[in-house]
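# Examination of the molecular architecture
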Amino acid sequence: MASFGSLGVGNNRAPSRQSVAKLCRVCGDEIGCKEDGELFVACHVCGFPVCRPCYEYERSDGNQCCPQCNTRYKRHKGSPRVAGDEEENFDQDDFDDEFPIKSNHDESDHQHNANQSENEEYNQQHPNGRAFSVAGSTNGKDIEAEKEIYGSAEWKERVEKWKVRQEKRGLVSQDDGGNRDQGDEDDYLMAEARQPLWRKVPIPSSLISPYRIVIVLRLFVLAFFLRFRILTPAYDAYPLWLISVICEVWFALSWILDQFPKWFPITRETYLDRLSMRFEREGEPNGLAPVDFFVSTVDPLKEPPIITANTVLSILSVDYPIDKVSCYVSDDGASMLLFDTLSETAEFARRWVPFCKKHNVEPRAPEFYFSEKIDYLKDKVHPNFVKERRAMKREYEEFKVRINALVAKAQKKPEEGWVMQDGTPWPGNNTRDHPGMIQVYLGSEGALDIEGKELPRLVYVSREKRPGYQHHKKAGAENALIRVSAVLSNAPFMLNLDCDHYVNNSKAIREAMCFLMDPQFGKKLCYVQFPQRFDGIDHHDRYANRNVVFFDINMKGLDGIQGPVYVGTGCVFNRQALYGYDPPVSEKRPKMTCDCWPSWCCCCCGGSRRKSKKKGERKGLLGGLLYSKKKKMMGKDYVRKGSAPIFDLEEIEEGLEGYEELEKSSLMSQKNFEKRFGQSPVFIASTLMENGGLPEGTNSTSLIKEAIHVISCGYEEKTEWGKEIGWIYGSVTEDILTGFKMHCRGWKSVYCTPKRPAFKGSAPINLSDRLHQVLRWALGSVEIFLSRHCPLWYGYGGKLKRLERLAYTNTIVYPFTSIPLLAYCTVPAVCLLTGKFIIPTLNNLTSVWFLALFLSIIATGVLELRWSGVSIQDWWRNEQFWVIGGVSAHLFAVFQGLLKVLAGVDTNFTVTAKAAEDTEFGELYLFKWTTLLIPPTTLIILNMVGVVAGVSDAINNGYGSWGPLFGKLFFAFWVIVHLYPFLKGLMGRQNRTPTIVVLWSVLLASIFSLIWVRIDPFLPKHKGPALKQCGVEC
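Here we summarise the structure given alongside this text. (Residues numbered from 1 in each chain as written. Predicted model: local features only at pLDDT ≥ 70, side-chain atom pairs only at ≥ 80, totals over all residues. Heavy atoms only, no water.)

### A word on unusual backbone geometry
Our working definition: Only DSSP runs of H or I covering at least 4 residues are called helices, and only runs of E covering at least 2 are called strands; the numbering of each starts at the N terminus. The rule is simple: take the accessible area with a 1.4 Å probe, protein chains only, and divide by the maximum for that residue type; under 20% is buried, over 50% is exposed, in between is partly exposed.
The peptide bond linking Glu-362 to Pro-363 adopts the cis configuration, its omega dihedral lying at -10°. Considering the arrangement of structural elements, one finds Pro-363 in the loop between helix H10 (336-359) and helix H11 (366-370). Its identity is not glycine, yet Asn-360 carries a phi of approximately 55°, on the positive side. Along the chain, Asn-360 falls in the loop between H10 and H11. You can call Asn-360 partly exposed: its relative accessible area is 46%. Backbone geometry at Ala-544 places phi at a positive 55°, although glycine is not the residue there. Position of Ala-544 among the secondary structure elements: in the loop between strand S10 (533-535) and helix H15 (548-559). Exposure remark for Ala-544: the relative accessible area of 6% places this residue in the buried category.

Structure below.
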């Protein structure tokens, strides 16, 4: 075990206190009384408890209806009039109160959790209305904190705009002059704090309605087109016709799976200023939730340590409270190079973190900050900025030299193995047989920056590995980080990043907290997914590396259903969702009954209420020991403890005596936690703390020992890790499986797309590396298809929505489209060479169906680009690479997956690299020969030869043969155009074709030419004996 630093344990935020007065079911504040001293009742129909400000807000900006009974609110005395009040009786006595002066609130400052069930049902009843999302109110002491966010001029302008809006609504009198300046600021902050932290931004109906209409029309056209194709077979080319029809039916089903999950696209908008006002109040403890960052790496020689160091530095300098950030770096290769790199990174962070926060620079990864070609002096007013930036750049260059020296030293491993600075052998000299290692670099006592301030916690983790154990690659490493972080910091939220994805937006965590800390919606969120953006890709993006269509179209469509899929990085998780718990269920309100009916008419309702009341009394016997409600996990009920009281399992078992059978069975069920989570009392105790935090009385030494225990290689044996808990095992694309399991339990996810990209990474830009990346993704999908977690049959009877299931089905069946795609791309060449065609005659009806189908395809694409904002170049590159990847990587993934799952044979495709040019985007022109290049190369040659043969045949046979030729040439050119980026990748820079491609092309062309000459298809063929002229008149 490596040497350890000391651990700094942060204080937990105290739980919010509840008021004994009657509370508003929308915002959690006290309802208050009317002028006559009676309790304010907003709705006289159902009496749903709503305070006066929420009532006024709902009438002015909402849908003017009661959240419970959906009855339109009547105007109360003193309330300003809104549209629709003219039909009501007008009371002349309250004319003086038509424009009342808003007075300051004198209530105490409380933080309340709004009632979840009413608001959730309200959101379901009014999806287009503005949902309330309020956690408390603010008073005048928040003004200074808010002023710091904005400049004085901007602040005054913002308050003035708010006053104008309030005057238009009749909420503020215009004749107060300057006596209300301070009060206006108070009221403005109160109004801002009561607003939601986020809102849905639906696609305008002018954009989305035509899109949906065209989808429906295309579905009908496709149905009639397939009917026509099936009922009109080509008997002279029956095998070609049958193959083409099967392919077209498969393409139609594939299009349905891909298209209909995009039926409800939405975008979301966050309000970071409201988040700050609500949880970062002046004079109070910071209320933002802690976050644990996970960075995973395997081999530092393949994943450059300087890139990993930049990712870590960007995490340590995020715009978030220092004591609420912890960074855990997983080294699955047990490399001393990464260990020493993190040591240097921790030392450099003492200077880099205060520089970033002092000057508010973006991005906060030094490599990318100093390489940006922008005006770095924009919006910088500090007089010492230029001087400090130059000094910091020089220190970073010295830091890079030290890292490069470490990399050069690690190229050749000593025979006796690596030795640490204290002279002891490095425990990870054998990467497949070593103990667990944990090193705490920052976050301990004495780990301060150059200004004397604390730094976020930085922890190195290398899990134990022994021969004979399954370690499950990245999924196993992530699960080890879950357990280590639960023991050392136990933040309620976790963010995982690949080592080459740095934080590009320092406020990205705050963006996610706007959703996860929402008092109603956040409790049902399993994760917030950010889109992946990439650096270092050429402007043309010939191989669709940016994947813009998926991230800006498909993911927004899924966000309108149950949430986006998990894509493996740039995702903020709810820790409780990864533990296998079900989301909280909204309690149903008791049905309203009328007292005028006999008691026997509503005995069922009354009986249920009495029964639930008795059950509530029975739960109350536990007092403050446990939560009164249960959480469900894997179909069983488990009692969850609060964040403040912590008890050992032994103490709970000893206290069972005297409880009723219900409580006894609930408490005894906690023994199953050890079977599910493993033999670690500290970790089990952390799973019972819904709001995170560490048990009281713990010390760093005992926590480190427990952390070493939970990353041992045998810890997960006979537990639910990888099956129902954490990252799910069974596929190389563990991200799809993990998100799918959480959605099946009923969790929702959110797609967050801030204006400044939250995270950026690097992507393979040359053809061979890109194909191998796609091969790995497709192989994972095939593995899921052949497992018990296949969306076609898994999770029925659960809470997965139908369109969400369609989307997950599409993610696991798309590799199988490669087989019909390869056949369909071969058919045009065969038709041109044989003179046959898959359609018997091209009459007017045939032309109409083909024209209608292609017009609907074009219209769908154009309208999709309109509402999504994706450029036509990105869309076309995506279409091209769909064909390139389909006939190469996806095809090999299908056969490799079948061999791996059914026969247990694991095949790999080697990549041979050649030298690249040392220029910008030089890697783009790096040619690496791989087996994946053979199928598309063959298709290009076949179709090119087919075009030449078809045109030659038409020239020899005369004018009449040109008509049928056009249809064949159209399909052949369709294949060639889609494979053009592949052909350009083979040609390299300035059309310099690699020698190996020239040899293959010449060989295949020669063989085909010899066969063509031997067949000699242009001469007429005769059957029977040759007849000669005999010269005799017969």
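### Structural notes on the packing of aromatic side chains
Note the cut-off: Working definition: rings of Phe, Tyr and Trp (its six-membered ring) pair if their centres are within 6.5 Å, and the pair is stacked with planes under 30 degrees apart, edge-to-face with planes over 60 apart, and tilted otherwise. Charge-over-ring contacts are defined here by two conditions on Lys NZ or Arg CZ: a distance within 6 Å of the ring centre and an angle within 35 degrees of the ring normal.
Under the defined criterion, the tally for this structure stands at 47 aromatic pairs. When the centroid spacing of 5.9 Å and the interplanar angle of 55° are considered together, the rings of Phe-339 and Tyr-441 count as tilted. Here the residue Phe-339 occupies a position in helix H10, and Tyr-441 occupies one in strand S5 (residues 437-442), the gap between them amounting to 102 residues. The same class applies to Phe-339 and to Tyr-441, which are both buried. Arranged with centres 5.7 Å apart and planes meeting at 75°, the rings of Tyr-579 and Phe-677 form a pair that is edge-to-face. Linking Tyr-579 in the loop between helix H16 (575-578) and helix H17 (603-619) with Phe-677 in helix H20 (residues 672-677), this pair joins segments that are 98 residues apart in sequence. The exposure class of Tyr-579 is buried, given its relative accessible area of 0%. Among the aromatic side chains, those forming a connected cluster through ring pairs are Phe-225, Phe-251, Tyr-824, Phe-837, Phe-850, Phe-854, Phe-970 and Phe-971. Positioned above the aromatic ring of Tyr-796, the side-chain terminus of Arg-805 is 3.8 Å from the ring centre.

### Concerning the pairing of strand S11 (residues 571-574)
Inclusion rule: Note: two strands are recorded as paired if DSSP finds a minimum of 2 bridges between them.
Burial along S11 is two-sided: Cys-571 and Phe-573 and Val-572 and Asn-574, pointing in opposite directions, are all buried. Note that strand S7 (residues 493-498) and S11 share four bridges and pair antiparallel. Residue pairing in the sheet places Leu-495 in a bridge with Val-572 of S11. Note: strand S9 (residues 525-529) against S11, three bridges, orientation antiparallel. Its bridge partner being in S11, Tyr-527 is matched across the sheet by Phe-573.

### Some remarks on a nonpolar patch on the surface
Put simply, the rule is: Patches in this entry comprise residues that are over 30% relatively accessible and not in a salt bridge; like charges within 9 Å are linked, as are nonpolar side chains (Val, Leu, Ile, Met, Phe, Trp, Tyr) within 5 Å. For the accessible areas, the method is Shrake-Rupley and the probe is 1.4 Å, while residue cover comes only from the protein chains on display. Salt bridge, as used here: a side-chain nitrogen of Lys or Arg that lies within 4 Å of a carboxyl oxygen of Asp or Glu.
A grouping of Ile-230, Leu-231, Val-249 and Leu-253 is seen on the molecular surface, where their side chains present a nonpolar patch of about 360 Å² in accessible area. With respect to the secondary-structure elements, Leu-231 resides in helix H6 (residues 205-231).

### Considering the sheet that holds strand S8 (residues 502-503)
Across the sheet, three strands lie side by side as S8-S15-S10; this open sheet has mixed pairing. Pairing within the sheet leaves two strands with one partner each, and these edge strands are S8 and S10. Where S10 and strand S15 (residues 759-762) come together, three bridges link them in parallel fashion. Within S15, the position partnered with Arg-533 by the bridge is Lys-760.

### Comments concerning the packing of helix H24 (residues 767-785) against helix H29 (residues 889-903)
Threshold: Where helices are involved, their axes are fitted lines through C-alpha atoms of the stretch in contact, as for all axes, and angles between N-to-C directions lie from 0 to 180°. Angular relationships are summarised with four words: roughly parallel below 35 degrees, roughly antiparallel beyond 145, roughly perpendicular across 65 to 115, and oblique for the angles in between. Crossing chirality is assigned from the near helix's rotation relative to the far helix, an anticlockwise turn below a right angle marking it left-handed and a clockwise turn marking it right-handed. What makes two residues a contact is simply this: any of their non-hydrogen atoms within 4.5 Å.
Between H24 and H29, the shortest axis-to-axis distance is 8 Å and the interhelical angle comes to 45°. Relative to H29, the element H24 is oriented oblique. Our pair here, H24 against H29, has a crossing hand that is right-handed. On H29, the residues touching Leu-771, Val-774, Leu-775, Ala-778, Leu-779, Val-782 and Glu-783 of H24 are Ala-889, His-890, Phe-892, Ala-893, Val-894, Gln-896, Gly-897, Leu-898, Lys-900 and Val-901.

### A short note on the sheet that holds strand S6 (residues 457-462)
In space, the eight strands of this open sheet follow the order S5-S6-S4-S3-S7-S11-S9-S14, with mixed pairing throughout. Looking along the sheet, the strands with just one partner apiece sit at the ends: S5 and strand S14 (748-751). Taking each pair of neighbouring strands and ignoring which way they run, the sheet shows an average axis angle of 20°. In terms of strand pairing, S5 meets S6 through five bridges, oriented antiparallel. If you follow Val-440 over to S6, its bridge partner there is Val-459. Strands in contact with H10 are strand S3 (291-297), strand S4 (325-331), S5 and S6; relative to S5, the strand with the most contacts, it is inclined by about 15°.

### Re the pairing of strand S2 (residues 266-270)
Burial within S2 is extensive, with four of its five residues counted as buried. Pairing analysis gives five bridges linking strand S1 (residues 198-202) to S2, with the strands arranged antiparallel. Counted as the bridge partner of Trp-198 is Thr-270 from S2.

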